[in-house]
Amino acid sequence: MTSTQAIIKVRGLCNQFGSNVVHQDLDLDVYRGEILGVVGGSGTGKSVLLRSIVGLMTPTAGEVNLFGKNMLTLPAAERAAMEQRVGVLFQKGALFSSLTVMENISLPLIEHAGLTRQEASEIARVKIALTGLAAHAADLYPSDLSGGMIKRASLARALALDPDILFLDEPTAGLDPIGAAAFDQLLKTLRDAFNLTVFLVTHDLDTLYTACDRVAVLSQKKVLVADRLEVVAGTDDPWIRDYFQGPRGRAASQAADRIER
């Protein structure tokens with residue numbers, strides 16, 4: 001259940017690459033238990049924002065607070081411990097090609113939780129089942145997996161350490177509509193079952209309408225608006241108008257209405 005407690009607070013974030021300013025004085029709150037969809041046009045820095053929050057890149061300026069602590073100023077040991085409370089699903093899965101699905105999921109359990117290979121394997125099987133993969137997928141390599149299976153295997157790895165927050169970068173990209181819809185429902189089920197907070201970068205309108213509690217729009221180097229989808233869709237901005245009120249936006253909205261009925 002979504003609360004009013006901000007588990008992620010970003011304040012005054014700036015990201016710059018040479019002369020290219022991607023973010024300038026960006027502020028964003030993500031509330032405990034919500035699924036927040038992050039959208040924006042090409043070049044607005046959606047993945048850059050995600051990477052800044054999870055600590056994969058250091059912003060030019062600003063604060064990134066997780067669980068009430070500024071991640072940019074924490075001592076290394078404390079920061080490493082905090083990062084274990086976060087799970088990340090990268091855009092193309094980022095599974096290790098030389099490891100089986102089981103080994104990919106077991107790796108963070110062995111390296112960060114100090115479990116034995118046998119203990120890690122037992123937990124990995126649970127994570128595989130949670131994400132809807134067949135048991136035999138444990139012994140497959142990434143090259144043996146379909147696109148949908150790669151997404152689920154990557155999600156299982158992101159869940160390995162029982163994180164409080166999940167970061168997902170375009171999790172339904174490349175999936176067929178049926179597979180994408182199934183992934184959206186899985187995400188909602190996992191959020192409700194484990195009280196996860198989900199930061200979801202996506203361009204998938206169906207995902208926004210069916211899975212997200214709020215939507216944040218990146219534009220003009222900042223978060224232009226972050227609110228319930230109906231509020232965001234009604235915002236007077238050319239990109240938002242084209243995105244949500246164009247043919248695909250209308251179709252996604254109508255489909256969501258039919259499901260609710």
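What you see is a predicted model; the values in this text were computed from it and never measured.

*Asks:* Please give an account of the sheet that holds strand β4 (residues 61-66) that cites residues and values.
*Replies:* Pairing is antiparallel across the open sheet formed by four strands, whose spatial order is β2-β1-β4-β5. Both outer strands of the open sheet, β2 (20-31) and β5 (69-70), are each paired with one neighbouring strand and no more. By the bridge criterion, five bridges tie strand β1 (residues 6-17) to β4 in an arrangement that is antiparallel. Looking at the pairing, V10 lines up with V64 of β4.

*Asks:* Can you break down the layout of surface pockets residue by residue, with the values?
*Replies:* By volume, the largest pocket amounts to about 600 Å³. Taken together, 21 residues form the lining of the largest pocket, with E83, V86, V88, P108 and H112 sitting closest to its centre. Elements with a minimum of two residues in the lining of the largest pocket: α2 (76-83), β6 (86-89), α3 (101-111) and α5 (147-158). Take the lining of the largest pocket: its biggest share by element is four residues, from α3.

*Asks:* I'd like a description of the pattern of salt bridges, backed by residues and values.
*Replies:* Here the structure, examined in full by the defined rule, presents eleven salt bridges. For E34, the salt bridge is made with R214, and the minimal N-O distance between the two is 2.8 Å. Within this pair, whereas E34 is found in the loop between β2 and β3 (35-40), its partner R214 is found in strand β9 (residues 214-219), the two being separated by 180 residues in sequence. Among the residues examined, E34 registers a relative accessible area of 1% and is labelled buried. Between R228 and E230 there is a salt bridge whose closest N-O contact spans 3.0 Å. Among the residues examined, E230 registers a relative accessible area of 51% and is labelled exposed.

*Asks:* Account for the sheet that holds β9, with residues named and values stated.
*Replies:* Pairing in this open sheet of six strands is mixed, and the strands run β6-β7-β8-β3-β9-β10 from one edge to the other. Strand pairing shows two members of the sheet lacking a second neighbour, β6 and β10 (222-227), which therefore form its edges. Neighbouring strand axes in the sheet, compared pairwise and without regard to direction, differ in orientation by 15° on average. Alignment of β3 against strand β8 (residues 197-201), held across four bridges, turns out to be parallel. Bridge pairing in β8 links V38 to V201.

About the criteria used
- Residues numbered from 1 in each chain as written.
- Predicted model: local features only at pLDDT ≥ 70, side-chain atom pairs only at ≥ 80, totals over all residues.
- Heavy atoms only, no water.
- Pairing = 2+ DSSP bridges.
- Helix = DSSP H or I, 4+ residues; strand = E, 2+ residues; numbered from the N terminus.
- 1 Å grid on protein atoms, 1.4 Å probe; cavity = no way out; pocket = protein on both sides within 12 Å on 5 of 7 lines; lining within 4 Å.
- Points joined across faces, edges and corners; volume = space filled by probe spheres on them.
- Salt bridge = Lys/Arg side-chain N within 4 Å of Asp/Glu carboxyl O.
- Buried < 20%, exposed > 50% of the residue type's maximum accessible area, 1.4 Å probe, protein only.
- Axes fitted to C-alpha atoms, helices over the stretch in contact; angles between N-to-C directions.

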